[in-house]
Amino acid sequence: MTRRPKNQNLKQKVKSRIPKDWMSEIRIAYRIVIETAKGIAQTGLVNLAIITTIAAILTIFGSIFRVTLAVNSFVTSMGSALEVSAYLSPEADINSTITKVRELEHVEKVTYISKDTSWAQLKKEIDVPDITNPLPDTLHVKLDDTKNITVVMNNLKNIDGINDTSYAKDLVQKFEMINKIINTATLVFVVIVCMLTIAIINNTIELVIQSRKEEIEIMRLMGVSNWYIKTPLILQGAVYGFLGALVAIIPIDVVQNYIIKMHEFFMISIDPMAQFAVLFSVLVLGVAFSSIGSFLSIKKHLQV
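Residues numbered from 1 in each chain as written. Predicted model: local features only at pLDDT ≥ 70, side-chain atom pairs only at ≥ 80, totals over all residues. Heavy atoms only, no water.

(A) Geometry of the nonpolar core. Counting 24 residues, the largest nonpolar core has Leu58, Phe61 and Val282 as its most contacted members. At the level of secondary structure, the elements contributing two or more residues to this core comprise helix H3 (46–81), helix H7 (169–211), helix H9 (226–266) and helix H10 (274–301). If one sorts the elements of this core by residue count, H7 sits on top with eight residues. Setting aside anything within four residues of it in sequence, one finds Val282 in contact with Leu58, Phe61, Gly62, Ala245, Ala248 and Ile252. (Core = buried A, V, L, I, M, F, W, Y, C linked by side-chain atoms within 4.5 Å. Buried < 20%, exposed > 50% of the residue type's maximum accessible area, 1.4 Å probe, protein only. Helix = DSSP H or I, 4+ residues; strand = E, 2+ residues; numbered from the N terminus. Contact = heavy atoms within 4.5 Å.)

Set out below in structure tokens:
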């Protein structure tokens, strides 16, 4: 039992000292590429159906993912525009109160609105009776993130001179609900895309294996290594995924153009990395899960 590890170590040392024949390795790589192309050629017109189906699946995924990023951008922009209103008591020291509010964590900006300004604005908007101004001086507090509203609200209530606070609670909750729904839907669809892609490639590679069964058996009898048999089939699946992703880029780009117009219409800034993230995700999903589908098919139908 003690000799076996020594023999293995000896073999590894001897193997490491043997000079590599780079030309031989290049020839093997060339043959793998040829075998991959041969497998694709034998699939015939079915290739178009496979690539088109994968492209359609990736297009739906890419479009949903891009819309999700756009909605997240809208929600973030709308949420950052929300402000907490802090109503001052009549005897409050305005300058001191503003300073204390600005020193709070998560507060980005504080805007002071006098009660006279609020009253004048209200008179412009609606017909009010000729009465004494009942409105208080107000501070509009802008936060760094809507998630911190509760913390800031509690801190504002502890500041002397502030009678009450308020914010558009329903609107914030709706924004958060929309975000959760869209993110969950995107995650679910990613899982569906992966499963469909794997299933399609799995069935395709199974057909290739069946058509080349005798050839593969001959290679195995000749002592051809398992990885030499597996690699062309895995590469074939990767090629399908890559071509499907390339085709999917065209309709996804159309969706991107419409989203850009929406951003411009609502005057909301566009994340320059959003489209790159979508295209990269589509490409990775297409190639990775097509390769996985091939590998699973090989493992299932070939004992190599």
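(B) Here's a closer look at the packing of aromatic side chains. For the structure on display, the rule yields two aromatic pairs. Residues Phe61 and Phe65 carry aromatic rings whose centres are separated by 5.8 Å and whose planes lie at 20° to one another, so their mutual orientation is stacked. Placement of the pair is Phe61 and Phe65 together in helix H3, with a separation of four residues, close to one helical turn. Phe65 matches Phe61 in its accessibility class, with the two residues each being buried. Between Phe276 and Phe280, the ring centres sit 6.0 Å apart and the planes meet at 20°, which makes this aromatic pair stacked. With Phe276 and Phe280 both in helix H10 and four residues apart, the pair spans about one turn of that helix. Directly above the ring of Tyr258 sits Lys261, whose terminal nitrogen or CZ lies 5.6 Å from the centroid. (Phe/Tyr/Trp six-rings, centres within 6.5 Å; stacked < 30°, edge-to-face > 60°. Lys NZ or Arg CZ within 6 Å of the ring centre and 35° of its normal.)

(C) The sheet that holds strand E4 (residues 162–166), seen in detail. Reading across the sheet, the four strands line up as E2-E3-E1-E4 and stay open at both edges, with antiparallel pairing between neighbours. In this open sheet, the two edge strands, each paired with only one partner strand, are strand E2 (107–113) and E4. On average, each strand axis in the sheet is inclined to that of its neighbour by 25°, with strand direction left out of account. Across six bridges, the pairing between E2 and strand E3 (residues 138–143) is antiparallel. Residue pairing for E3: Tyr112 is matched across the bridge by Leu139. Taken strand by strand, helix H4 (residues 94–102) contacts strand E1 (83–88), E2, E3 and E4, and its axis lies near 160° from that of E2. (Pairing = 2+ DSSP bridges. Axes fitted to C-alpha atoms, helices over the stretch in contact; angles between N-to-C directions.)

So far we have only geometry, and geometry alone does not tell us how the molecule works.
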